[in-house]
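The primary structure of each chain is shown beneath.
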Amino acid sequence: MPKVGMEPVRRKALVDAALRVIGDQGTLAVTMSEIARTAGVSPALAHHYFGSKEQLLIATIRSLLGKLRDDAVAAMKAAATPRERVSALIRVSFRADQFAPETVAAWLAFYSEAQRSEEVRRLLVIYARRLRSNLLVGLRALCPADDAERIAEGAAAMIDGLYIRQSLKSAPISIEASVALTEDYVNAHLRANGDGKYPSPRVKPED
């Protein structure tokens, strides 16, 4: 029997291991045994906690989404102005931990799985809606509602697209370049709709 109080620790270890294995292999076609071995537990214990590999993969996606949500909320709360909130959200989307090779590979694998799994698709739709909604929090204070909707859609598409570009080893895009490209897009459209009234705050490169 698992030790009392160890379940949260073991569950997190298995989710972290699933992310590493999926990232290393670039596919969701991994086995529970591979994940359990990476986590340092038995396959039987992995099944005890999650029931099936599919449920462990769902928990892994939820973990990624939860980390993004928490980081976005904290960054937006720390921003002083609507424009700074937009920039904070862009930078959170390109934090170094989100751009780690295994994390990028896992996101791409999840997008592929969404073509077959309704539950995975639903979780990724939640992510897309949350990103768009968070961008709109700042943009609606900076330009008319219709323009804010359009800019939010474009910025979200750039964020997702740059993740895909990151997966192309022959054409890697750095964190700073990804942030700058997305900021340039937002700035250009805000200037077009506000006569340059809302310049971007100065963004410092991450260490």
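Residues numbered from 1 in each chain as written. Predicted model: local features only at pLDDT ≥ 70, side-chain atom pairs only at ≥ 80, totals over all residues. Heavy atoms only, no water.

Colleague: Can you walk me through the packing of helix H6 (residues 101–113) against helix H7 (residues 118–139) in this structure?
Modeller: The geometry of a pair of packed helices is captured by two quantities: the angle between their axes and the separation between those axes. Two elements in contact, H6 and H7, have axes whose closest approach is 8 Å; the angle formed by their N-to-C orientations is 120 degrees. As judged from the angle between their axes, H6 and H7 are oblique. Relative to H7, H6 is oriented so that their crossing is left-handed. On H7, the residues that touch Trp-107, Phe-110, Tyr-111 and Glu-113 of H6 are Val-120, Leu-124 and Tyr-127. Partitioned by chemical class, the residues of the contact of H6 with H7 number six nonpolar, no polar and one charged. (Axes fitted to C-alpha atoms, helices over the stretch in contact; angles between N-to-C directions. Helix = DSSP H or I, 4+ residues; strand = E, 2+ residues; numbered from the N terminus. Parallel < 35°, antiparallel > 145°, perpendicular 65-115°, else oblique. Left-handed = near helix turned anticlockwise from the far one by under 90°. Contact = heavy atoms within 4.5 Å. Nonpolar A, V, L, I, M, F, W, Y, C, P; charged D, E, K, R; others polar.)

Colleague: Is there a simple way to think about the pattern of salt bridges in this case?
Modeller: Between side chains of opposite charge, pairing is possible as soon as their charged atoms come close. According to the stated counting rule, one finds 14 salt bridges in the structure shown. The residue Lys-67 makes a salt bridge to Asp-97 at a minimum N-O spacing of 3.1 Å. Of this pair, Lys-67 sits in helix H4 (residues 53–78) while Asp-97 sits in the loop between helix H5 (82–93) and H6; the two residues are 30 residues apart in sequence, bridging distant segments of the chain. Here Lys-67 falls in the partly exposed class, since its relative accessible area comes to 34%. Taken together, the shared-partner salt bridges in this structure form one network comprising Lys-67, Asp-71, Arg-95 and Asp-97. (Salt bridge = Lys/Arg side-chain N within 4 Å of Asp/Glu carboxyl O. Buried < 20%, exposed > 50% of the residue type's maximum accessible area, 1.4 Å probe, protein only.)

Colleague: Please explain the UniProt feature "DNA-binding region" (unreviewed entry) in the protein chain as it appears in this structure.
Modeller: In the UniProt entry, the feature "DNA-binding region" (unreviewed entry) is given for residues 31–50. Annotated as 80% helix and 0% strand, the span residues 31–50 places its first and last C-alpha atoms 13 Å apart. (UniProt positions renumbered as here; feature names shortened; annotations may be inferred.)

Colleague: Honestly, the side chain of Thr-182 in this entry has me stumped. Any pointers?
Modeller: The topology assignment puts Thr-182 in helix H9 (residues 175–194). The exposure class of Thr-182 is buried, given its relative accessible area of 0%. Separated by 2.9 Å, the side chain of Thr-182 and the backbone oxygen of Ser-178 make a polar contact. Setting aside anything within four residues of it in sequence, one finds Thr-182 in contact with Ile-90, Phe-94, Ala-155, Met-158, Ile-159 and Leu-162. (Polar contact = N/O pair within 3.5 Å; in protein donor to acceptor, adjacent residues only side chain to side chain.)

Colleague: What should I look at first to understand the layout of surface pockets in this one?
Modeller: Empty space among the atoms becomes visible once a probe the size of a water molecule is rolled across them. Size it by volume and the second largest pocket reaches roughly 170 Å³. Every residue along the wall of the second largest pocket is listed here: Val-15, Asp-16, Leu-19, Thr-60, Ser-63, Leu-64, Lys-67, Asp-97, Gln-98 and Thr-103. With four residues, H4 is the largest single contributor of residues to the lining of the second largest pocket. Of the residues that constitute the lining of the second largest pocket, the class distribution is three nonpolar, four polar and three charged. (1 Å grid on protein atoms, 1.4 Å probe; cavity = no way out; pocket = protein on both sides within 12 Å on 5 of 7 lines; lining within 4 Å. Points joined across faces, edges and corners; volume = space filled by probe spheres on them.)

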